[in-house]
Amino acid sequence: AALAGGDFRTAVADDCVHVLDKRDKDTPFNAGTYAALGSHVDDLTVVGTPDGLKATEDVLSSNFKITKSVNPRVITGVQIERNRKERTIKLHMADYINNLLKDYEMHDCKPADTPMDPGTAKALMQLPIDQPDPVYVKKFQKFVGVLMWLCRIRLDILFCVNLLARMLQCATKQHYELAINRPLRYLRGTTSMGIVLVGGKWILEGFGDADLAGDLRTARSTSGYLLRIGDGGAICASSKLERKLSTSTGQAETYALVSLVKEVVWVRLLAWDLGFPFVGPTPVFTDNDGVLKQATKSINHATAKHYRLGQAYVRSLGAECVIEVCGIDTLKNPADAYTKALHAPIFLRHRSLFMGPQALHGRVVK
């Protein structure tokens, strides 16, 4: 409310983001008056030029008693490392992970290469669910809760948390013992890993994928997507169990692509709000040939008529040059890691794309 009605404007994409922009169109970013402010309860993160930061401080201090921290190293539990020479920033939660490992007495455990392996995932989905144990349901829910908080930054454990969350109401001792082992061993070996964002290329690209009937109990599909800018890690990602049953790979992949395209629309709008719009259509990648064809032309196939609305939505955004649907080899699609448990070689290759280049901060994580 303190920012409303003044020089700040509320972003259309997110009413918790406020922007002050008095720059001329030819003004460099580090000059003029510019600030972008995001609010989280009573923690406000502000970026901008010196004049913009001063204007923000003046507005807030005239209405509230505030404290400020220049170049903070921790924001709401997220640790920040800056490498100004390489123009990168790393967001991680090493302290949170170390405390988590101590709480579960896993700080000296043997590290694992992946947060969830195919065998453990299959075993979890095949456990009986008709006799939940109230004691272990509570323990299981607490464990999944601490992992969900970590998912803000550790996008590499999204599928693992997605899978575990399906068992929140039916957990038994077997569920709990299987659930805590592999993810904590993985975190033990990747404590300092985080998202690395790289300055330079202002190019947005997205990747989507789906695993048809991947849930062994319900036969529902798992879809996933991620968006990244330039050579850095993902700025947003998703792994979810679809509510609708898909009867073909094309249907499942279409649902995943629709979810990805919706996120692209939102991110592009937010970038426009911030004063840094993306130029040209955003490439979105799918590894399904049928979905790729349907994204560019209407093919009235009888087996696809029940999900034509999704196809039409994707085509309309392509016709408006908001997106450009592109093909990608399945083995090179990083969104695959958000749809199923993968073996280490493939998972690690995908992880390098959606977490960003860790070596730029002097800590190479295997």
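### Quick word on the pattern of salt bridges
Next, step 1: In this structure the tally under the stated criterion is 11 salt bridges.
Next, step 2: Among the ionic pairs, E57 bridges to K68, the shortest N-O distance being 3.1 Å. Of this pair, E57 sits in helix 1 (residues 50-61) while K68 sits in the loop between helix 1 and strand 5 (74-75), and the two are 11 residues apart along the sequence.
Next, step 3: Judged by its relative accessible area of 29%, E57 is partly exposed.
Next, step 4: On the basis of relative accessible area, K68 is assigned to the exposed category, the value being 60%.

### Some words on helix 10 (residues 344-354)
Helical geometry note: an α-helix holds 3.6 residues per turn, so side chains three or four residues apart project in the same direction.
Next, step 1: Residues of helix 10 that are buried: A344, F347, H350, R351 and F354. Buried positions in helix 10, seen along its axis, are confined to an arc of 135 degrees and lie on one side of it.
Next, step 2: Looking at the buried residues of helix 10, the elements they touch are helix 6 (173-189), strand 10 (222-229) and strand 11 (234-241).

### What to know about the layout of surface pockets
Next, step 1: If you add up the space inside the second largest pocket, you get close to 160 Å³.
Next, step 2: What lines the second largest pocket is simply K240, E242, K244, Y255, V258, S259, K262, H306, Y307, L309 and G310.
Next, step 3: Among the elements that take part in the lining of the second largest pocket, helix 7 (residues 249-274) stands out by supplying four residues, more than any other.
Next, step 4: Broken down by class, the residue content of the lining of the second largest pocket amounts to four nonpolar, three polar and four charged.

### Details of the pairing of strand 10
Next, step 1: With eight of its eight residues buried, strand 10 lies for the most part within the structure.
Next, step 2: Alternating residues of strand 10 divide into T222, G224, L226 and R228 and S223, Y225, L227 and I229, and every residue in both groups is buried.
Next, step 3: Where strand 9 (residues 204-211) and strand 10 come together, eight bridges link them in antiparallel fashion. If you follow D209 over to strand 10, its bridge partner there is G224.
Next, step 4: Across seven bridges, the pairing between strand 10 and strand 11 is antiparallel. Paired with S223 across the two strands is K240, which belongs to strand 11.
Next, step 5: Connecting strand 10 to the next strand, strand 11, in antiparallel fashion are four residues, including G230 with a positive phi near 60 degrees.

### Observations regarding the sheet that holds strand 10
Next, step 1: Read from one edge to the other, the open sheet built from five strands follows the order 11-10-9-12-13, with strand pairing classed as mixed. Two strands in the sheet have a free side with no partner beyond their single neighbour: strand 11 and strand 13 (323-327). Here the average twist between neighbouring strands, direction ignored, is 15 degrees.
Next, step 2: Strands in contact with helix 7 are strand 9, strand 10, strand 11, strand 12 (282-286) and strand 13; relative to strand 9, the strand with the most contacts, it is inclined by about 155 degrees.

### Concerning the nonpolar core
Next, step 1: Membership of the largest hydrophobic core comes to 56 residues, with the highest contact counts inside it found for F143, L164, L184 and L187.
Next, step 2: Secondary structure elements with two or more residues in this core: helix 2 (94-103), helix 3 (118-126), helix 4 (134-150), helix 5 (158-165), helix 6 and helix 10.
Next, step 3: Looking at which element gives the most residues to this core, the answer is helix 4, with eight residues.
Next, step 4: Every residue in contact with F143, bar those within four places of it in the chain, is listed here: Y104, L164, A179, I180, P183 and L184.
Next, step 5: Core analysis: the second largest hydrophobic core is formed by 21 residues, C236, V291, A295 and V314 among them.

### A short note on the packing of aromatic side chains
Next, step 1: For the structure shown, the criterion picks out seven aromatic pairs.
Next, step 2: Geometrically, the ring pair formed by Y186 and F347 is edge-to-face, given 5.9 Å between the ring centres and 75 degrees between the ring planes. Here the residue Y186 occupies a position in helix 6, and F347 occupies one in helix 10, the gap between them amounting to 161 residues. Side by side, Y186 and F347 carry an identical accessibility label, which is buried.
Next, step 3: On the basis of an interplanar angle of 10 degrees and a centroid distance of 4.8 Å, the ring pair of W202 and F278 is categorised as stacked. Of this pair, W202 sits in the loop between strand 8 (194-198) and strand 9 while F278 sits in the loop between helix 7 and strand 12; the two residues are 76 residues apart in sequence, bridging distant segments of the chain.
Next, step 4: The ring of W149 carries R152 above its face, with NZ or CZ at 3.6 Å from the centroid.
Next, step 5: Sitting over the face of the ring of Y255, K244 holds its NZ or CZ atom 4.6 Å from the ring centroid.

About the cut-offs
- Residues numbered from 1 in each chain as written.
- Predicted model: local features only at pLDDT ≥ 70, side-chain atom pairs only at ≥ 80, totals over all residues.
- Heavy atoms only, no water.
- Salt bridge = Lys/Arg side-chain N within 4 Å of Asp/Glu carboxyl O.
- Helix = DSSP H or I, 4+ residues; strand = E, 2+ residues; numbered from the N terminus.
- Buried < 20%, exposed > 50% of the residue type's maximum accessible area, 1.4 Å probe, protein only.
- Arc of directions from axis to C-beta.
- Contact = heavy atoms within 4.5 Å.
- 1 Å grid on protein atoms, 1.4 Å probe; cavity = no way out; pocket = protein on both sides within 12 Å on 5 of 7 lines; lining within 4 Å.
- Points joined across faces, edges and corners; volume = space filled by probe spheres on them.
- Nonpolar A, V, L, I, M, F, W, Y, C, P; charged D, E, K, R; others polar.
- Pairing = 2+ DSSP bridges.
- Axes fitted to C-alpha atoms, helices over the stretch in contact; angles between N-to-C directions.
- Core = buried A, V, L, I, M, F, W, Y, C linked by side-chain atoms within 4.5 Å.
- Phe/Tyr/Trp six-rings, centres within 6.5 Å; stacked < 30°, edge-to-face > 60°.
- Lys NZ or Arg CZ within 6 Å of the ring centre and 35° of its normal.

These figures come from the coordinates and say nothing about function on their own.
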